[in-house]
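Listed below, chain by chain, are the residues.
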Amino acid sequence: MPVPSAANAGVKPEVSVVIPIYNEAAGLAQLFARLYPALDALGSSYEIVFINDGSADDSVRILADQFRLRPEVTRVVLFNGNYGQHMAILAGFNAARGEIIVTLDADLQNPPEEIGNLVAKMREGFDYVGSIRRKRQDSAWRTIASKLMNRLREKITRIKITDQGNMLRAYRRNVIDLINQCGEVNTFVPALAYTFSRKPAEIVVEHEERAAGESKYSLYSLIRLNFDLITGFSLVPLQMFSMLGMMLSIGSAALVILLLIRRFLLGAEAEGLFTLFAIAFFLMGVILFGIGLVGEYVGRIFQQVRARPRYVVQTILQQEGMTEQELLEQNAPRGQREQRQVSRS
Ligand code: UDP
Ligand code: MG
């Protein structure tokens, strides 16, 4: 079981929304303007856990201001550096107290208004609700590359996710508790959650263009992330490589026999030298690829056994030990809520 921390004190909200933030200052105001009304309209108690993944821009100040504005439903986890979107989400899971935990991106590509639909689907008894983007609003190359990766992952893992790149998802407490027990250094949250879910479902959601700023993923980080997904959930690439190695050995053994026979029947031959070169270079390429592939796994094992902290939390901005009364007031009309804040300060 996860160790109860100070963050687990107080009364639990029904819904926790977990949002990783990395240099999103330009779009945060727009996010708040849509997120809070969407959640106020839910009719359930909620909390929003923002994780600042080492932003170098104004994000921290904006998040702190927002915390002061809505401290009863806002918590902010501040990392001391950039550990990546998935680590930020894991830290959010650790801090989240809700029964239903929803993740979404901060750039408004995932409309906050869809949270209600996810929660409604969860209430039908599912413990994992994924989402499929009706029309993905990303560049053509990313959409195509992501479709190809989706198909590859479908073939070599047992994970059944239609649209893996989308973070707008809901998970039940049982799934989150299991994720919190994992110490994986490189992981892919939706896939990890899927492996723990007993009753998964998917719904179709809208997808919008990034509201402000630019994608935080470079081509390199996207490749790394996809390697995390493949190596983290499948050994098939290694097995395929062993198979390929066996086939190539059989092939080259046949070639050696053929060349030997020719040597005895026809005598010394010099033809076919460049063919041999071509074959040798091809095999060298295959070997290098194989070493690289093994390296991807070994490198991750190395990171894992070093057992350094996966991320470092600098501070958590939160109201300590919320009382039941406060939690009830959370769903009270806005005017009342503001009065309470004024009287407290
Ligand atoms: N993000 C993060 N740390 C990172 C990269 C991204 O917390 O190192 C956050 C980012 O702020 C956003 C979400 O992860 O909330 C998705 O990032 P982005 O929109 O750049 O990814 P894309 O939509 O291009 O896949
Ligand atoms: Mg985005």
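For the structure, see preceding data.
Small disclaimer: the values here were computed from a predicted structure and weren't measured. (Residues numbered from 1 in each chain as written. Chains lettered and ligands numbered in written order. Predicted model: local features only at pLDDT ≥ 70, side-chain atom pairs only at ≥ 80, totals over all residues. Heavy atoms only, no water.)

Engineer: So what's going on with the pattern of salt bridges? Residues and values would help.
Structural biologist: Pairing is possible between side chains of opposite charge, provided their charged atoms come close. Counting across every chain of the model gives 22 salt bridges. For Arg61, the salt bridge is made with Asp58, and the minimal N-O distance between the two is 2.9 Å. For Glu269, the salt bridge goes to Arg262, with nearest N and O atoms at 2.7 Å. Glu269 sits in the partly exposed class, given a relative accessible area of 32%. One continuous salt-bridge network, built from bridges that share partners, spans Glu24, Asp107, Arg210 and Lys216. (Salt bridge = Lys/Arg side-chain N within 4 Å of Asp/Glu carboxyl O. Buried < 20%, exposed > 50% of the residue type's maximum accessible area, 1.4 Å probe, protein only.)

Engineer: How would you sum up a nonpolar patch on the surface? Please name residues and give values.
Structural biologist: On the surface, Leu273, Phe274, Phe277, Phe281 and Met284 cluster together into a nonpolar patch covering about 580 Å² of accessible area. Structurally, the position occupied by Phe274 is in helix 10 (residues 273-306). Overall, the relative accessible area of 66% leaves Phe274 in the exposed class. (Patch = residues over 30% accessible without salt bridge, like charges linked within 9 Å, V, L, I, M, F, W, Y side chains within 5 Å. Areas by Shrake-Rupley, 256 points an atom, 1.4 Å probe, with all protein chains shown as cover. Helix = DSSP H or I, 4+ residues; strand = E, 2+ residues; numbered from the N terminus.)

Engineer: Which residues make up the side chain of Gln109, and what are the values?
Structural biologist: Tracing the sequence through the fold places Gln109 in the loop between strand 4 (100-103) and helix 4 (115-123). In terms of polar contacts, Gln109 uses its side chain to reach the side chain of Asp138, at 3.3 Å. Those residues in contact with Gln109 that sit more than four places away from it in its chain are Gln137, Asp138, Glu206, His207, Glu208, Glu209 and Arg210. (Polar contact = N/O pair within 3.5 Å; in protein donor to acceptor, adjacent residues only side chain to side chain. Contact = heavy atoms within 4.5 Å.)

Engineer: How would you explain the pairing of strand 7 (residues 200-205) if you had to name every residue and give the values?
Structural biologist: One face of the sheet, then the other: side chains in a regular strand alternate in exactly this way. Burial along strand 7 is one-sided: Ala201, Ile203 and Val205 are buried, while Pro200, Glu202 and Val204, pointing the other way, are not. Bridging between strand 5 (residues 128-133) and strand 7 involves six bridges; their strand directions are parallel. Directly across from Gly130, in strand 7, lies its bridge partner Glu202. (Pairing = 2+ DSSP bridges.)

So, to be careful, I would describe these as geometric facts and stop short of saying anything about function.
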